[in-house]
Amino acid sequence: MLQTTFLDYIYENPLMNASGVHCMTVEELTALENSAAGAFITKSATLAPREGNPEPRYADVPLGSINSMGLPNNGVDYYLDYALKYQMNHEAPLFFSVAGTSVDENIALLQKIQDSDFQGITELNLSCPNVPGKPQVAYDFPLTEKILTEVFQFFTKPLGVKLPPYFDMAHFDQMAEILNKFPLTYVNSINSIGNGLYIDPESDQVVIRPKEGFGGIGGEYVKPTALANVRAFATRLKPEIKIIGTGGILTGQDAYEHLLCGATMLQIGTQLQKEGPAIFERIAQELEAIMKKKGYQSIADFRGKVKTIN
Ligand code: RRO
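Here is what the cut-offs are and how they apply
Residues numbered from 1 in each chain as written. Predicted model: local features only at pLDDT ≥ 70, side-chain atom pairs only at ≥ 80, totals over all residues. Heavy atoms only, no water. UniProt positions renumbered as here; feature names shortened; annotations may be inferred. Buried < 20%, exposed > 50% of the residue type's maximum accessible area, 1.4 Å probe, protein only. Helix = DSSP H or I, 4+ residues; strand = E, 2+ residues; numbered from the N terminus. Pairing = 2+ DSSP bridges. Right-handed = clockwise from strand over helix to strand, strands pointing away. Core = buried A, V, L, I, M, F, W, Y, C linked by side-chain atoms within 4.5 Å. Contact = heavy atoms within 4.5 Å. Polar contact = N/O pair within 3.5 Å; in protein donor to acceptor, adjacent residues only side chain to side chain. Salt bridge = Lys/Arg side-chain N within 4 Å of Asp/Glu carboxyl O. Near = heavy atom within 4 Å. Areas by Shrake-Rupley, 256 points an atom, 1.4 Å probe, with all protein chains shown as cover. Nonpolar A, V, L, I, M, F, W, Y, C, P; charged D, E, K, R; others polar.

- An unreviewed UniProt entry annotates the protein chain as Dihydroorotate dehydrogenase originating from Enterococcus asini ATCC 700915.
- Under the Subunit (unreviewed entry) heading, UniProt states for the protein chain: "Homodimer."

**Some words on the pairing of strand β6 (residues 95–98)**
Reasoning step 1: With burial as the criterion, each face of β6 is covered, one bearing Phe95 and Ser97 and the other bearing Phe96 and Val98.
Reasoning step 2: Two elements, β6 and strand β7 (residues 121–125), share 4 bridges in a ladder whose sense is parallel. Counted as the bridge partner of valine 98 is leucine 124 from β7.
Reasoning step 3: For the handedness criterion, the β-α-β arrangement of β6, helix α3 (residues 103–115) and β7 is classed as right-handed.

**Some thoughts on the nonpolar core**
Reasoning step 1: In this structure, Phe95, Leu179 and Phe233 are the most contacted members of the largest nonpolar core, which totals 85 residues.
Reasoning step 2: The biggest single contributor to this core is helix α9 (residues 279–294), with 7 residues.
Reasoning step 3: Discounting residues that sit within four places of it in the chain, phenylalanine 233 has contacts with Leu163, Tyr166, Phe172, Met175, Ala176, Leu179, Val187, Ser189 and Ile243.
Reasoning step 4: In terms of nonpolar packing, the next biggest core, distinct from the first, is built from 9 residues, Ile190, Tyr198, Ile217 and Ala226 among them.

**With respect to the side chain of asparagine 130**
Reasoning step 1: Looking at the element boundaries, asparagine 130 is found in the loop between β7 and α4 (141–151).
Reasoning step 2: At 2.8 Å, the side chain of asparagine 130 forms a polar contact with the side chain of asparagine 67.
Reasoning step 3: Other than its neighbours up to four places away in sequence, asparagine 130 contacts Asn53, Asn67, Ser68, Met69, Gly70, Lys211, Gly215 and Gly216.

**Side note on the UniProt feature "binding site: substrate" (unreviewed entry) in the protein chain**
Reasoning step 1: With numbering matched to this structure, UniProt assigns "binding site: substrate" (unreviewed entry) to Lys43, Asn67, Ser68, Met69, Gly70, Leu71, Asn125, Asn191 and Ser192.
Reasoning step 2: By the element assignment, methionine 69 lies in the loop between β5 (64–67) and α2 (76–88).
Reasoning step 3: Judged by its relative accessible area of 19%, methionine 69 falls in the buried class.
Reasoning step 4: Those residues in contact with methionine 69 that lie beyond four places of it in its chain are Gly52, Asn53, Arg57, Tyr58 and Asn130.
Reasoning step 5: Topologically, asparagine 191 is positioned in the loop between β9 (186–189) and β10 (193–197).
Reasoning step 6: At a separation of 3.4 Å, a polar atom in the side chain of asparagine 191 contacts the side chain of asparagine 125.

**Looking at the pattern of salt bridges**
Reasoning step 1: For the coordinates displayed, the defined rule picks out 11 salt bridges.
Reasoning step 2: Note that lysine 85 and aspartate 81 form a salt bridge whose closest N and O atoms lie 3.0 Å from each other. Note that lysine 85 and aspartate 81 are positioned in helix α2 at a spacing of 4 residues, about one turn of the helix.
Reasoning step 3: Between arginine 282 and glutamate 286 there is a salt bridge, with the nearest N and O atoms lying 3.0 Å from each other. Taken together, the residues span about one helical turn, with arginine 282 and glutamate 286 both in helix α9 at a distance of 4 residues.
Reasoning step 4: Classification of arginine 282 as partly exposed rests on a relative accessible area of 24%.
Reasoning step 5: One network of salt bridges, in which partners are shared, links Lys223, Asp254 and Glu257.

**Some remarks on the site of the ligand**
Reasoning step 1: If you check the shell around the ligand, you find Lys43, Asn67, Met69, Gly70, Leu71, Pro72, Asn125, Cys128, Pro129, Asn130, Asn191 and Ser192 and nothing else.
Reasoning step 2: One of the side-chain nitrogen or oxygen atoms of lysine 43 is found 2.9 Å away from an oxygen atom of the ligand.
Reasoning step 3: Between the ligand and methionine 69 there is a distance of 3.2 Å, counted from an oxygen atom to a backbone nitrogen or oxygen.
Reasoning step 4: Relative to its unbound accessible surface of 310 Å², the ligand loses 92% to contact with the protein.
Reasoning step 5: In terms of residue class, the shell around the ligand is built from 5 nonpolar, 6 polar and 1 charged.

Below is the structure:
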C-alpha cells in the first residue's frame, strides 16, 4: 500500500531518516537497514573526519529539538566504503549526503563520488546552519547557482539538494527558478530552522554550548514551515524534480500531510532521535490506517492533492 517509486526503484514505503540522525556510524546505519524504513541516508560527510562542536550540542525539548552539532562525521571515505559494501548485497539505492564547508570542498566531494563505483543517490547539503563563520549556502542565491553550475559540468549521477526553509514567496520563486535550470533528481525541504534559541525555564540557561545556545530547530515547531516549503516547491519545480518532505513528522497524519503537499519520500529527524528506529513501523501503520479510512489504495491517489479554499 505504501510502495513508492523513486528514480525507477520501488521502495517498500517512503519513510527515511533525515541525514544527521542515527546515521553517523556503520552500527547506526545497520540499525536503519534492519528497520522498517523504506530507505535511509548517511550523515553529511566532509572530506576529512570532523569532531564537530563542543558538547552539549543537541537537546530534546518539549516541542522538538535544538542542535548545533557542527558537522561531526567520519569523513567521506568512511561512508563511501560503507556504501560500496552495502550496494554489493542490496538492490535499493542508498542515499549519500555530503556537505562541504566551501565551494571547493563540495566540488571535491562530488568528484570523489563521481569517480567511485557508488550507484546510489547523492544529496548535496546546502543548508547546514551550524558551522561557525559559514553561512547557509542556499540563503545565497547566486552562490547556489554557481555551485550547481560547476557541479553539473562533471556530475552525472543522480543528485538532490537539501535546502533550508524559506519564508517569503519571492524566495520560493527565485530558488525554484534557479533549481529548474539543472537536472536535479530531487529537492529535500527542510533542514532545521537555523539559529533558534531555547532557554531552560528552571536554570535561565541555554541548553546547548556552541554559539551561545543558538542552534537549528526541528520537530513539532517546524511542521507548518516544512509543509509550506514542500508545497511551494511542488508547485514551482519542473515535474522531473521530486520532493523529499522533511520536518515535523511525528505521526502518520504528519506524513500524510507532507504527501498531500506533494512529497514523494519522507524524512524523520527529531522524532527518530527521540524514539529510535522502531518509529518507522509505527508511522507506516498510522499512515496506512489513514489511507484505508479515506479509501485510498496507494499514495499516488492523493499525492499533491491538498485542497485550497476558493
Ligand atoms: O551537523 C550539524 O550541525 C547539522 C547539519 Br550538517 C545540518 O545540515 N543540519 C543541522 O541541523 N545540523
